[in-house]
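# Coordinate analysis (summary)
So the chains spell out like this:
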Amino acid sequence: MKLLSVIVPCYNEEENVPFFYEELLKNEAYLKEKEIELEILYVDDGSGDRTAEEVRKLHKADARVHLLSFSRNFGKEAAMYAGMQKSKGDYVVIMDADLQDPPSMLPQMLACLEEGYDSVATRRVSRKGEPPIRSFFARMFYRLMKRISRTEIMDGARDYRLMTRKMVDAILSMPEYNRFTKGIFGWVGFRTKWLEFENVERRKGETKWSFWKLLWYSVDGITAFSTAPLSFAAVLGVFFCILAFILIVFIVIRTLIFGDPVSGWPSLVCILSLISGVQLFCLGILGQYLAKTYMEVKRRPIYLLKEEL
Ligand code: UDP
Ligand code: MG
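Right, let's walk through the structure included here. (Residues numbered from 1 in each chain as written. Chains lettered and ligands numbered in written order. Predicted model: local features only at pLDDT ≥ 70, side-chain atom pairs only at ≥ 80, totals over all residues. Heavy atoms only, no water.)

### Let's talk about the side chain of N199
When you line up the elements, N199 lands in the loop between β7 (192–197) and α9 (211–225). Residue N199 is classed as buried on the basis of its relative accessible area of 7%. At a separation of 2.9 Å, a polar atom in the side chain of N199 contacts the side chain of R124. In contact with N199, not counting residues within four places along its chain, are Q100, R124, S126, R127 and K128. (Helix = DSSP H or I, 4+ residues; strand = E, 2+ residues; numbered from the N terminus. Buried < 20%, exposed > 50% of the residue type's maximum accessible area, 1.4 Å probe, protein only. Polar contact = N/O pair within 3.5 Å; in protein donor to acceptor, adjacent residues only side chain to side chain. Contact = heavy atoms within 4.5 Å.)

Put into structure tokens, the structure is as follows:
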């Protein structure tokens, strides 16, 4: 018998918890046939609603259901990490509670593992039902990442992924604080099969990701998996040095030919404000990396548990 751990990060998902359970158990016949046992780990990421209650109810009826409750909201990244740490399965799969990661794909995914893959990842090929600005920025993000990072991050990749124990252990060996799991999946390597599916809309409730939250998340992703912005600051610096040199030569020659009438105040102001803007921008980039390093050296725990069932 093999064991399959299903990790479900939940943040205020009281309505979705029981539905998810029902949907997942529709695979029971298949799992039985393949001699795979099930373990469901709901990770309650500091929900303010009755999410934990709902899971407790399920736990009472079905011992395969487990609960990890955080002391506060630590974010989905922390929830996935905690789930992987506590999972015991030979196979581990991460799924959203809102059924945007269709559990009906499980048989297909498990079949891929039998073909010899270490991991089966999913990506959505459409973004229907999503605000166009969000889709636009998401596409831009993936395109940028492709350019500046050596770690491959697929456009539309979801965290919905089935992995073997080998890969999960590899991921757990990365105890970094600034976790960007989509990048980590790519970084650890292993043979990965990609499956595609059409976007499914959230069953109940609303997305926890506002536009700004996503924007900051993308900055996290970039700083975690690329140092290109730092080089960009250096390149910009060199560019402005060259420009300044050309300007100096130009002004010296012009003064020699035409004399030096006192003028040029507006151009001076423009140049000054441009350069100081660029400097502050580069300082900001540096600051981002410094901030991440600061959080990393503090070595704070990634999550704190309040309850474990
Ligand atoms: N989630 C979480 N902690 C958070 C935010 C979200 O555990 O701080 C969970 C959430 O309950 C859901 C999954 O992460 O199961 C995906 O979140 P959501 O559906 O809001 O994101 P979207 O699908 O819109 O990207
Ligand atoms: Mg969702």
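After that view of the structure, there is still more to cover.
### Thoughts on the site of ligand 1
The full set close to ligand 1 counts 18 residues, and E13, D45, D98, Q100 and K208 are the nearest of them. In this structure, P9 approaches ligand 1 through a main-chain N or O atom, which is 2.7 Å from an oxygen atom. In the environment of ligand 1, an oxygen atom lies 2.6 Å from a nitrogen or oxygen atom belonging to the backbone of K208. Protein burial of ligand 1: of its 530 Å² of free accessible surface, 93% is covered by the chains. (Near = heavy atom within 4 Å. Areas by Shrake-Rupley, 256 points an atom, 1.4 Å probe, with all protein chains shown as cover.)

### A closer look at the pattern of salt bridges
Any two side chains of opposite charge can pair, on the condition that their charged atoms come close. Across all of its chains, the model carries 19 salt bridges by this definition. Between R56 and E307 there is a salt bridge, with its nearest N and O atoms 2.9 Å apart. Of this pair, R56 sits in helix α3 (residues 51–61) while E307 sits in strand β8 (residues 305–308); the two residues are 251 residues apart in sequence, bridging distant segments of the chain. On the accessibility criterion, R56 (28% relative accessible area) is partly exposed. We note a salt bridge from D159 to K76, for which the minimum N-O separation is 3.0 Å. (Salt bridge = Lys/Arg side-chain N within 4 Å of Asp/Glu carboxyl O.)

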